[in-house]
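If you want the building blocks of each chain, they are given just below.
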Amino acid sequence: MKRLVVGVVLVLSVLVSCAFAASLKDMVIEKSFYGFTKDGTPIDQYTLVNANGAMVKIINYGGIVTELWVPDKNGLLRDVVLGFDTLAEFEGPNDPYFGCIVGRYANRIAQGRFTIDGVTYQLACNDAGGARPNMLHGGVKGFQDVVWKAIPMKTPEGPALRLKYLSHDGEEGFPGNLDVTVTYTLTNDNALKIEYVATTDKPTVINLTNHAYFNLEGEGSGDILNHELMIAADNYTPVDNNLIPTGEIAPVAGTPLDFREPRKIGERIQAFAEPPFKGYDHNFVLNNQTGELALAARVKAPGSGIVMEVYTTQPGVQLYTGNWLDLKGKGGKYYGQYAGFCLETQHYPDSPNHPNFPSTLLSPKEVYKQVTIYKFLTE
Ligand code: BGC
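Residues numbered from 1 in each chain as written. Predicted model: local features only at pLDDT ≥ 70, side-chain atom pairs only at ≥ 80, totals over all residues. Heavy atoms only, no water.

So what exactly am I meant to see when it comes to the overall build of the protein here?
Helix and strand counts for the protein stand at 2 helices and 29 strands. Taken over the C-alpha trace, the protein has a radius of gyration of 21 Å; the compact-globule value for 379 residues is 21 Å, and the two agree within 12%. Considered along the principal axes of its C-alpha atoms, the protein spans approximately 70 × 50 × 50 Å. Relative to its 379 residues, the protein shows a buried fraction of 55%. Counted over contacts in the protein with a minimum sequence separation of 6, partners at least 24 positions apart contribute 67%. (Helix = DSSP H or I, 4+ residues; strand = E, 2+ residues; numbered from the N terminus. Rg over C-alpha atoms; globule rule 2.2 N^0.38 Å. Buried < 20%, exposed > 50% of the residue type's maximum accessible area, 1.4 Å probe, protein only. Contact = heavy atoms within 4.5 Å.)

Would you explain the site of the ligand in this entry?
Taken together, Pro96, Tyr97, Arg108, His137, His211, Tyr213, Asp281, Gln318, Tyr320 and Glu344 make up all the residues around the ligand. The side chain of arginine 108 places a nitrogen or oxygen atom 2.8 Å from an oxygen atom of the ligand. A distance of 3.0 Å separates an oxygen atom of the ligand from a polar side-chain atom of histidine 137. Burial of the ligand by the protein chains amounts to 91% of its free accessible area of 310 Å². When each cavity is represented as a set of grid points, the ligand is found to reside in the largest pocket. For the shell around the ligand, the class distribution of residues is 4 nonpolar, 3 polar and 3 charged. (Near = heavy atom within 4 Å. Polar contact = N/O pair within 3.5 Å; in protein donor to acceptor, adjacent residues only side chain to side chain. Areas by Shrake-Rupley, 256 points an atom, 1.4 Å probe, with all protein chains shown as cover. 1 Å grid on protein atoms, 1.4 Å probe; cavity = no way out; pocket = protein on both sides within 12 Å on 5 of 7 lines; lining within 4 Å. Sits in = over half its atoms within 2 Å of the grid points. Nonpolar A, V, L, I, M, F, W, Y, C, P; charged D, E, K, R; others polar.)

Before we go on, may I ask you to explain empty space enclosed by the protein in this structure?
Inspection of the entire model under this criterion finds 2 cavities of 30 Å³ or more. One number sums up the size of the largest cavity: a volume of about 50 Å³. If you go around the largest cavity, the residues you meet are Asn107, Arg108, Thr237, Val239, Leu243, Asp281, His282, Asn283, Gln318 and Pro349. If you tally residues by element for the lining of the largest cavity, the top one is strand 21 (residues 281-285), at 3 residues. For the lining of the largest cavity, a count of residues per class yields 3 nonpolar, 5 polar and 2 charged. (Points joined across faces, edges and corners; volume = space filled by probe spheres on them.)

Explanation requested: the pairing of strand 11 (residues 149-155) in the structure shown.
Residues in a regular strand project their side chains so that they alternate between the two faces of the sheet. Two elements, strand 11 and strand 12 (residues 158-167), share 7 bridges in a ladder whose sense is antiparallel. Bridged to alanine 150 within strand 12 is leucine 163. (Pairing = 2+ DSSP bridges.)

Looking at this structure, I do not really get the confidence of the model for the protein. What am I missing?
Caution applies to low-pLDDT regions: their predicted coordinates should not be interpreted in detail. Chain-level pLDDT for the protein is 95 on average; 93% of the residues reach the 70-or-more range. Within the model, the stretch residues 14-20 combines pLDDT values under 50 with 1 contact to residues more than four positions away or in other chains. (pLDDT = per-residue confidence, 0-100.)

Would you mind showing me how to read the sheet that holds strand 11 here?
What links the strands of a sheet is backbone hydrogen bonding, and the strands pair in either a parallel or an antiparallel sense. Spatial strand order, 11-12-13-14-29-23-22-17-20: 9 strands in an open sheet with antiparallel pairing. In the strand order of this sheet, the two ends are held by strand 11 and strand 20 (263-264), each with one partner. Across 8 bridges, the pairing between strand 14 (residues 191-200) and strand 29 (residues 368-378) is antiparallel. Within the sheet, the bridge partner assigned to alanine 198 lies in strand 29 and is tyrosine 368.

Quick question: what am I supposed to make of the sheet that holds strand 1 (residues 28-36) here?
Judged by pairing direction, the sheet is antiparallel, and its 5 strands sit side by side in the order 1-2-3-4-5 without closing on themselves. Looking at which strands have only one partner, the edges of the open sheet turn out to be strand 1 and strand 5 (77-79). Between one strand axis and the next, the sheet turns by 20° as a mean value, whatever way the strands run. The pairing of strand 4 (residues 65-71) with strand 5 spans 3 bridges and is antiparallel. Bridge pairing in strand 5 places valine 70 opposite arginine 78. (Axes fitted to C-alpha atoms, helices over the stretch in contact; angles between N-to-C directions.)

Even after reading the chapter, I still don't get the side chain of asparagine 126, so can you show me in this structure?
Note that asparagine 126 resides in the loop between strand 9 (119-122) and strand 10 (134-136). Residue contacts for asparagine 126: discarding those within four places in its chain leaves Tyr97, Asn134, Met135, Leu136, Gly139 and Val140.

I'm lost on the nonpolar core in this one. Help?
Soluble, globular proteins show a tendency: their nonpolar side chains are buried together. Membership of the largest hydrophobic core comes to 65 residues, with the highest contact counts inside it found for Leu68, Phe214, Leu216, Ile231, Met308, Leu343 and Phe376. Of all the elements, strand 13 (residues 178-186) adds the most residues to this core, at 5 residues. Discounting chain neighbours no more than four positions away, the residues touching leucine 216 are Val80, His227, Val299, Ala301, Ser304, Ile306, Val307, Met308, Phe341 and Phe376. Counting residues in each nonpolar core, the second largest holds 22 residues, with Tyr61, Ile64, Leu87 and Leu325 among its members. (Core = buried A, V, L, I, M, F, W, Y, C linked by side-chain atoms within 4.5 Å.)

How should the pairing of strand 3 (residues 55-59) be read in this particular structure?
With 5 of 5 residues buried, strand 3 is to be regarded as a mostly interior element. In strand 3, alternate side chains face the same way, and those of Met55, Lys57 and Ile59 on one face and Val56 and Ile58 on the other are all buried. Sheet topology note: the strand 2 (residues 42-49)/strand 3 ladder contains 5 bridges and is antiparallel. Each residue of the ladder has a partner; that of tyrosine 46, found in strand 3, is isoleucine 58. What sits between strand 2 and strand 3 in their antiparallel hairpin is a turn of 5 residues, with glycine 53 showing a positive phi close to 90°. Note that strand 3 and strand 4 share 4 bridges and pair antiparallel. When the sheet's bridge partners are listed, valine 56 is paired in strand 4 with leucine 68. Taken together, strand 3 and the strand that follows it, strand 4, pair antiparallel across an intervening segment of 5 residues, in which glycine 62 is found at a positive phi of about 70°.

Any chance you could explain the packing of aromatic side chains here in plain terms?
The geometry of an aromatic ring pair is captured by the separation of the ring centres together with the interplanar angle, meaning the angle of the planes. Counting across every chain of the model gives 19 aromatic pairs. With a centroid separation of 5.1 Å and an interplanar angle of 45°, the aromatic rings of phenylalanine 214 and tyrosine 374 are classed as tilted. With a gap of 160 residues between them, phenylalanine 214 in the loop between strand 16 (209-210) and strand 17 (228-231) and tyrosine 374 in strand 29 connect regions that are remote in the sequence. There is no split in this pair, since phenylalanine 214 and tyrosine 374 are both buried. When the ring centre of phenylalanine 259 is taken as reference, the NZ or CZ atom of arginine 268 above it lies at 4.9 Å. (Phe/Tyr/Trp six-rings, centres within 6.5 Å; stacked < 30°, edge-to-face > 60°. Lys NZ or Arg CZ within 6 Å of the ring centre and 35° of its normal.)

Written as structure tokens, this is what we have:
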């Protein structure tokens, strides 16, 4: 009997390790030269293919997701993220933060100013090209425009790319040397998992996200107004005319921000047609505030049948519907208003100036850790 048990255990462990080896063999990570930055730094593109053939391409400039191919309801792969074909365009002034890592502080800080331990820090007010008195997405040269060190990895979950960047004390006006690691994994169940880890040597503020613009019918295929969206949020943070939170946490019930049951994105978007919005550009207070992964949003494209579920450890998500898009993207395709939507998982805008919001302070004793998963399936 004992021998039989040992035999079964042996056979099982051989089978498990074969399956593990097979899945490691099935996954692909390729590195290719992508281009030179304006100042001559060579940038690479990493292609990650999981065991199902889903594929993501990421460059180590800005940690930008340049392509993301997932199967539609007929099993055909579609590229579901907006972007450009060249580094010069990602580096240029018309890039609306396509697919990049946003930091040190995603979203806005009013007057570009915050105070820690009685010391006030002044950042650049770069929002709307300087027209609004806020810092936006980390300042003039945020994480979307820096070169990251890239480490490709084959993991049991799927192919992964680890990106590292050391943001020096005083960079863009923020205090502390901030050591940042972002790991993208294309899991074998067709999810793009993004893990953010950071440490600092001085108290600072931090809010990291990814700014991918999704179109689940395929990039460049028109607008996303027919996509059906659910957001697991009973509340949102109302803003003033400069898109800065008033500090209030208000219920979505009875407003065009009520996505607790799936609704077409375009159904009530006209309520925000006027500037400063021109569409959805709102931070939702996610119901899950545990710091553990939970479902934040679910989006379905009726044509392709592609569904994207967003899971996050973060307390908020900014829905931005590409309100100002008007440019040519991949393959010269036109991306107009609402050609893509972003679900930027994050802490709330201007948190450093709102003590009632979940804190974005990071002290040298702590480790910043956040995870967001964009999972793809079909219906
Ligand atoms: C912001 C928008 C901004 C856009 C820039 C979004 O995260 O919420 O207000 O226009 O980024 O691409």
